[in-house]
Amino acid sequence: MYCNQLGMLIEFSYCTAMNDGLPCRNIIGCWKARMDILAFLGETFTEDQLKKVFSGVPKSRIERIIDSLNKDD
């Protein structure tokens, strides 16, 4: 599938683990037309994990870039 966030084609496995082993916060919108994504998420992740993904304000692109650079240190 084409990822608007990354600007390239990606596999479903990336969408489910790109956030430190948790799914992307956009996974529902991207995959809802192709599969029962809500059922998948409910069977695969705990309620606490899903709250971590879908609660709070998403980071800006620059914040994500900075976080990524800091992880390499």
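Further up the page is the structure itself.
Another aspect to go through is the nonpolar core. The biggest cluster of nonpolar side chains holds eleven residues, and these are C3, I10, C15, L22, I27, W31, I37, L41, F45, L50 and V53. Contacts of I10, omitting those with residues within four sequence positions, involve M1, C3 and C15.

A separate point is the environment of N19. The topology assignment puts N19 in the loop between α1 (12-17) and α2 (27-31). The sequence separation of N19 and K32 amounts to 13 residues, and the corresponding C-alpha distance is 19 Å.

Turning to the packing of aromatic side chains, a few remarks are in order. Scanning the model with the defined rule gives two aromatic pairs in all. Ring centres of F12 and W31 lie 4.8 Å apart, and the angle between their planes is 75 degrees; on these two criteria the pair is classed as edge-to-face. Of this pair, F12 sits in helix α1 while W31 sits in helix α2, and the two are 19 residues apart along the sequence. Residue F12 is classed as partly exposed on the basis of its relative accessible area of 22%. For W31, a relative accessible area of 9% translates into the label buried. Taken together through their ring pairs, the aromatic side chains of F12, W31 and F40 make up a single cluster. One residue, R34, lies across the ring of W31, its end atom 5.7 Å from the ring centre.

The rules behind each value
Residues numbered from 1 in each chain as written. Predicted model: local features only at pLDDT ≥ 70, side-chain atom pairs only at ≥ 80, totals over all residues. Heavy atoms only, no water. Core = buried A, V, L, I, M, F, W, Y, C linked by side-chain atoms within 4.5 Å. Buried < 20%, exposed > 50% of the residue type's maximum accessible area, 1.4 Å probe, protein only. Contact = heavy atoms within 4.5 Å. Helix = DSSP H or I, 4+ residues; strand = E, 2+ residues; numbered from the N terminus. Phe/Tyr/Trp six-rings, centres within 6.5 Å; stacked < 30°, edge-to-face > 60°. Lys NZ or Arg CZ within 6 Å of the ring centre and 35° of its normal.

By themselves, these observations are geometric and do not establish any function.
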